[in-house]
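Listed here are the chains, written in short residue letters.
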Amino acid sequence: MGDDAEALAELGFQVTAFDISPTAIAWCCQRFPASKVHYQVADLFKPEPTWQRGFDFVLESRTIQSLPLNLRTATIQAIAHLVAPDGILLVIARSRNSEAEPGGLLNGPPWPLSDAELSQFQALGLTEVHREEFRDETHQIAQWLIEYRA
Ligand SMILES: C[S@@+](CC[C@H](N)C(=O)[O-])C[C@H]1O[C@@H](n2cnc3c(N)ncnc32)[C@H](O)[C@@H]1O
C-alpha cells in the first residue's frame, strides 16, 4: 500500500512503484498525496521498454507467492529483467522446504516459494549474496529475505 515505496523515497531513492490494479495505485496516491514516489498502473508482464534492466534496486515483496504457480517462472523472469547491470534485487516471500507443489492450491494464495524456484534467479544471471530466514510475528510462518546482485 505504498509504505515500502515511501520508505525508499525517504532514503533518497527515486522510486517507481507499480501495480496492475488501478484501485491499489489510487489508494497509494490517496494515502500519500505529497509523495515523491512515481506510482503507476502497470503490468509486470508488459513492462515499459525503459524498465528492462532499468532499476538499480528492485524490491519484490510477496508478489511471486501471490500469483498462480503456472506463472511462477514467467514472474521470476519478469522481475529479474527489471534489475540493472550491477543492480540489487531484494526478494521477500514465504518459504517452503519441499519441491512438492505447495498445499492449498484450491484455497488461493499465498503459495510459498521453494529453493529450486528461487534458483531461477541465479540461472538468469543474478547472484545470491545474502539470505535470512525469519517468521512473521503474527502467524509464525516461515519467510525468506534474499538479496541478489546482478
Ligand atoms: C500480495 S500483494 C503484494 C503487495 C506488496 N508488495 C506487499 O508487500 O504488501 C500482490 C500485488 O501484486 C499485484 N499484481 C498482480 N499481478 C500483477 C501484475 N501482472 N503486474 C503488476 N502487479 C500485479 C496485485 O494487484 C497485488 O496488489
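Conventions and cut-offs
Residues numbered from 1 in each chain as written. Predicted model: local features only at pLDDT ≥ 70, side-chain atom pairs only at ≥ 80, totals over all residues. Heavy atoms only, no water. Near = heavy atom within 4 Å. Polar contact = N/O pair within 3.5 Å; in protein donor to acceptor, adjacent residues only side chain to side chain. Areas by Shrake-Rupley, 256 points an atom, 1.4 Å probe, with all protein chains shown as cover. Nonpolar A, V, L, I, M, F, W, Y, C, P; charged D, E, K, R; others polar. Domains from an automatic or database assignment. Core = buried A, V, L, I, M, F, W, Y, C linked by side-chain atoms within 4.5 Å. Buried < 20%, exposed > 50% of the residue type's maximum accessible area, 1.4 Å probe, protein only. Helix = DSSP H or I, 4+ residues; strand = E, 2+ residues; numbered from the N terminus. Contact = heavy atoms within 4.5 Å. Phe/Tyr/Trp six-rings, centres within 6.5 Å; stacked < 30°, edge-to-face > 60°.

Caption draft 1: Region of interest: the site of the ligand. Within the structure, the ligand sits among 13 residues, and Asp 19, Ile 20, Asp 43, Leu 44 and Ser 61 are positioned closest to it. Asp 19 is positioned such that a nitrogen or oxygen atom in its side chain is 2.6 Å from an oxygen atom of the ligand. Here Ser 61 contributes a side-chain N or O atom positioned 2.6 Å from an oxygen atom of the ligand. Alone, the ligand offers 610 Å² of accessible surface; in the complex the protein occludes 65% of this. Across the shell around the ligand, the residue classes tally to 6 nonpolar, 4 polar and 3 charged. Composition of the shell around the ligand by domain shows at least three residues from each of domain 1 (1-42) and domain 2 (47-149).

Caption draft 2: Representation of the nonpolar core within the structure. Leu 89, Leu 118, Phe 121 and Tyr 148 are the most contacted members of the largest nonpolar core, which has 22 residues in total. For this core, the elements supplying multiple residues, two or more each, are strand 3 (55-61), helix 3 (72-80), strand 4 (83-94), helix 4 (115-123) and strand 6 (142-149). Those residues within four positions of Phe 121 in sequence are excluded, and the remaining contacts are Ile 64, Ile 76, Ile 79, Ala 80, Leu 89, Val 91, Leu 126 and Tyr 148. Membership of the second largest hydrophobic core comes to 9 residues, among which are Ala 9, Val 15, Ala 17 and Val 37.

Caption draft 3: Inspection of the packing of aromatic side chains at higher detail. Inspection of the entire model under this criterion finds 4 aromatic pairs. For the ring pair Trp 51 and Phe 55, a centre distance of 5.8 Å and an interplane angle of 75° mean the geometry is edge-to-face. For the residue pair Trp 51 and Phe 55, the accessibility class agrees, reading buried in each case. Note on Phe 121 and Tyr 148: the rings are 5.0 Å apart at their centroids and 45° apart in plane angle, and the pair reads as tilted. A residue pair is termed long-range when its members are at least 10 positions apart, and Phe 121 in helix 4 and Tyr 148 in strand 6 qualify at 27 residues.

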